[in-house]
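# Structural overview for review
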Amino acid sequence: QVQLVESGGGSVQAGGSLRLSCTASVYSQSGQYLGNMGWFRQAPGKEREGVAAVEWVGITTYADAVKGRFTISRDNAKNTVYLQMNSLKPEDTAMYYCAAAVTVIRGRFYGSPNSGYWGQGTQVTVSS
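This section reports on the structure supplied with the text. Bear in mind the structure is a predicted one, so any value in this text is a computation, not a measurement.

Here we come to the packing of aromatic side chains. Counting across every chain of the model gives two aromatic pairs. Through a chain of ring-to-ring contacts, the aromatic side chains of Phe-40, Phe-109 and Trp-118 assemble into a single cluster. Cation over ring: Arg-19 sits above Tyr-82, and NZ or CZ is 4.1 Å from the ring centre. One Lys or Arg, Arg-48, reaches over the ring of Trp-118 and ends 3.8 Å from the middle of that ring.

Rendered as C-alpha cells:
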C-alpha cells in the first residue's frame, strides 16, 4: 500500500514559478517498489494528461507542452518526487496529481489503473 501526498500548488501570475512535491509513504513489510513516478494534470472539462515522468534511475520524459519549462526530479532516499514549473502559462492551470508505478514506453507514459498509486492532487492556477 502506498500513500502519495502532494504539496506546493497555488496561484501565480503568468511567467511565474511553482515547485510541487510529492512524498510517498510506503506501507509494506516487503518494501513497496514505487517504480517510475510522474505528474499528471487535469483541467476542468478536459481529460487527464501526462506532464512528466521520472524513472527509478532518473531518466525523464516530458509532455511536449511543458518541455523546456518544467523539470521533474526524484529523491529515492526520501521517496519524494518534485516538479519545478517555470514560465508558467494560463493553460497550465489544472489539478496536478502525483502517481507511482507509472509505465514509460517509447517516450510516452501512463498512470496506473490502480487508484492506490495516485495522490489526491494539488491545484495550480496561473493568471494572465
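Next comes the rest of the write-up.
In this structure, Met-37, Trp-39, Leu-83, Met-85 and Tyr-96 are the most contacted members of the largest nonpolar core, which totals 29 residues. Elements represented by at least two residues in this core include exactly strand E1 (2–7), strand E3 (18–26), strand E4 (37–42), strand E5 (49–54), strand E7 (70–75), strand E8 (80–85), strand E9 (94–99) and strand E12 (122–127). Of all the elements, E3 adds the most residues to this core, at four residues. Core analysis: the next-biggest nonpolar cluster, separate from the first, contains seven residues, Phe-40, Ala-99, Val-102 and Trp-118 among them.

Here the focus is unusual backbone geometry. Residues other than glycine seldom take positive phi values, yet Ala-101 does so here, at roughly 55°. Structurally, Ala-101 is set in the loop between E9 and strand E10 (103–105). On the accessibility criterion, Ala-101 (27% relative accessible area) is partly exposed. Phi at Arg-106 is positive, roughly 50°, even though this residue is not glycine. On the secondary structure map, Arg-106 appears in the loop between E10 and strand E11 (108–110).

Next up on the list: the pattern of salt bridges. Summed over the entire model, instances satisfying the criterion amount to four salt bridges. Note that Arg-41 is salt-bridged to Glu-49, the shortest N-O span being 2.7 Å. Notably, a salt bridge pairs Asp-92 with Arg-41, separated by 2.9 Å at the nearest N-O pair. Taken together, the positions of Asp-92 in the loop between E8 and E9 and Arg-41 in strand E4 put the pair 51 residues apart, joining distant regions of the chain. A relative accessible area of 1% means that Asp-92 is categorised as buried. By relative accessible area, which is 6% here, Arg-41 ends up buried. Several salt bridges converge on common partners, so that one network encompasses Arg-41, Glu-49, Arg-69 and Asp-92.

Rules used throughout
- Residues numbered from 1 in each chain as written.
- Predicted model: local features only at pLDDT ≥ 70, side-chain atom pairs only at ≥ 80, totals over all residues.
- Heavy atoms only, no water.
- Phe/Tyr/Trp six-rings, centres within 6.5 Å; stacked < 30°, edge-to-face > 60°.
- Lys NZ or Arg CZ within 6 Å of the ring centre and 35° of its normal.
- Core = buried A, V, L, I, M, F, W, Y, C linked by side-chain atoms within 4.5 Å.
- Buried < 20%, exposed > 50% of the residue type's maximum accessible area, 1.4 Å probe, protein only.
- Helix = DSSP H or I, 4+ residues; strand = E, 2+ residues; numbered from the N terminus.
- Salt bridge = Lys/Arg side-chain N within 4 Å of Asp/Glu carboxyl O.

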